[in-house]
Amino acid sequence: MPQHKNLNVVPFVSVENMMNIVTTDGIAETIEGIANYILQDFRKWQSFDKTPRVASHSDVGVIELMPTSDGELYGFKYVNGHPKNMKEGLQTVTAFGVLSEVSSGYPVLLSEMTILTALRTATMSALAARYLAPKNATTMTMIGNGAQSEFQAIAFQKLCGINKLHLFDVDPTATRKCRKNLASLGFEIEVFDTPEDAIRGAQIITTCTADKQNATILTDNMVGSGVHINAVGGDCPGKTELHADILHRSDIYVEYPPQTRIEGEIQQLGEDHPVLEIWRVMADIQPGRTSSDQITLFDSVGFAIEDFSALRFIRDRLSTSDKFEQLDLIADPDDPRDLYGMVVRSKKKGLFDA
Ligand code: NAD
């Protein structure tokens, strides 16, 4: 029988492992690492299998699977979005993911992805802004100061040089938490009572709110020429943040158009409304921002390749660490055709006797 690598045990990155990695390396440094992996993967965009995520909707939220493959590795993420969870003391977004070898189909990594999703979402937002935001932008408004917000701020600081933040949330406790968490990280932070006041003087506006409805976080008259909008919270059918008039004045950049047309701000527009694909900008096929009065919009919904890149980053990072569990996930009979025999012999061998 041919020898095979020990593929029946799968490295498992728990929440504790992830927090250990991120706090050991630093959140900003982890974001920088993930950014390099996203850029590598987005620059070979055409070699990936792509599909809009597979979503199961309910009245209160959505559960989704996000698969992709580059021919060598296959990855998927399980993720939910439940805006009402927060009031019940639960996360709005939770996730875990798997990376597998295409050659055998065996999983090679199982990881928590609630923290990793916040990191990759922030990384992707800041990477897009690097190409789309006004040059020398210093100030970002953040509307929605929940679980994603600090990661967004740190990514924009690390990748775009943002050092001033304007904060607004309908819930002042969220803003207080965000301000406190970011207090020692070198930002100049101002808190505002209205979104209108919060956006004054900012070159970048990040909307990251959670509400299962077509909300109007920004109206048309709030958005002046020359700004970059990073719209993160509208990521589901019937869940948007921007008034449609803003979209008509903006150059709209998206991840994967077939998915964003279902889930993004552009669900409010016709199917043929022009959009630009951000991978083309990252691959130097198309320019990013070309003029100082242009309104650019990154209509972020989160795409499978970003999760794939983040999982690849974590897998490579693990090779220098052995403080994670190996899961007994894959049945491994001595004779691959004798799965039944393996099960029956396990009883005879007394493996489960008390
Ligand atoms: P969260 O529930 O922790 O925080 C959301 C915040 O928005 C809360 O503090 C809430 O008070 C605030 N808010 C709600 N309505 C508001 C309004 N009208 N004006 C100002 N603030 C308002 O959620 P989170 O984990 O931070 O996620 C935020 C959103 O981002 C969710 O909708 C989530 O689905 C989405 N998301 C998108 C991506 C992506 O890749 N695009 C990734 C992760 C999360």
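Presented here is an overview of the structure given in this document.

Cut-offs and rules
- Residues numbered from 1 in each chain as written.
- Predicted model: local features only at pLDDT ≥ 70, side-chain atom pairs only at ≥ 80, totals over all residues.
- Heavy atoms only, no water.
- Helix = DSSP H or I, 4+ residues; strand = E, 2+ residues; numbered from the N terminus.
- Rg over C-alpha atoms; globule rule 2.2 N^0.38 Å.
- Buried < 20%, exposed > 50% of the residue type's maximum accessible area, 1.4 Å probe, protein only.
- Contact = heavy atoms within 4.5 Å.
- Areas by Shrake-Rupley, 256 points an atom, 1.4 Å probe, with all protein chains shown as cover.
- Lys, Arg positive; Asp, Glu negative; His and termini not counted.
- Charge placed at Lys NZ, Arg CZ, Asp CG, Glu CD.
- Pairing = 2+ DSSP bridges.
- Axes fitted to C-alpha atoms, helices over the stretch in contact; angles between N-to-C directions.

## Looking at the overall build of the chain
In terms of helices and strands, the chain carries eleven helices and 17 strands. Expected size for 354 residues packed as a compact globule is a radius of gyration near 20 Å; at 22 Å, the chain falls within 12% of this value. In terms of overall dimensions, the chain has a C-alpha envelope of 75 × 40 × 40 Å along the principal axes. Taking all 354 residues of the chain together, 53% fall into the buried category. Within the chain, residue pairs in contact and separated by at least 24 positions form 72% of the contacts whose partners lie at least 6 positions apart. Counting every atom, the chain has about 16,600 Å² of accessible surface; 52% of that belongs to carbon and sulfur. Taken together, the 33 basic and 47 acidic charged side chains of the chain have centroids lying 3 Å from each other.

## Points about the environment of I262
With respect to the helices and strands, I262 occurs in helix α8 (residues 257-263). Judged by its relative accessible area of 45%, I262 is partly exposed. A C-alpha to C-alpha distance of 9.9 Å links I262 and R53, two positions 209 residues apart in sequence.

## What to know about the sheet that holds strand β1 (residues 9-13)
With mixed pairing, the seven strands of this open sheet are ordered in space as β2-β3-β4-β5-β6-β1-β17. Edge positions in the open sheet fall to β2 (54-57) and β17 (325-328), since each of these has one partner strand only. On average, adjacent strands in this sheet sit at an angle of 20 degrees to one another, irrespective of strand direction. The pairing of β1 with β17 spans four bridges and is antiparallel. Looking across to β17, one finds that F12 is bridged to E325. Relative to β1, helix α1 (residues 15-25) is tilted by about 60 degrees, and along the sheet it contacts β1, β6 (107-112) and β17.

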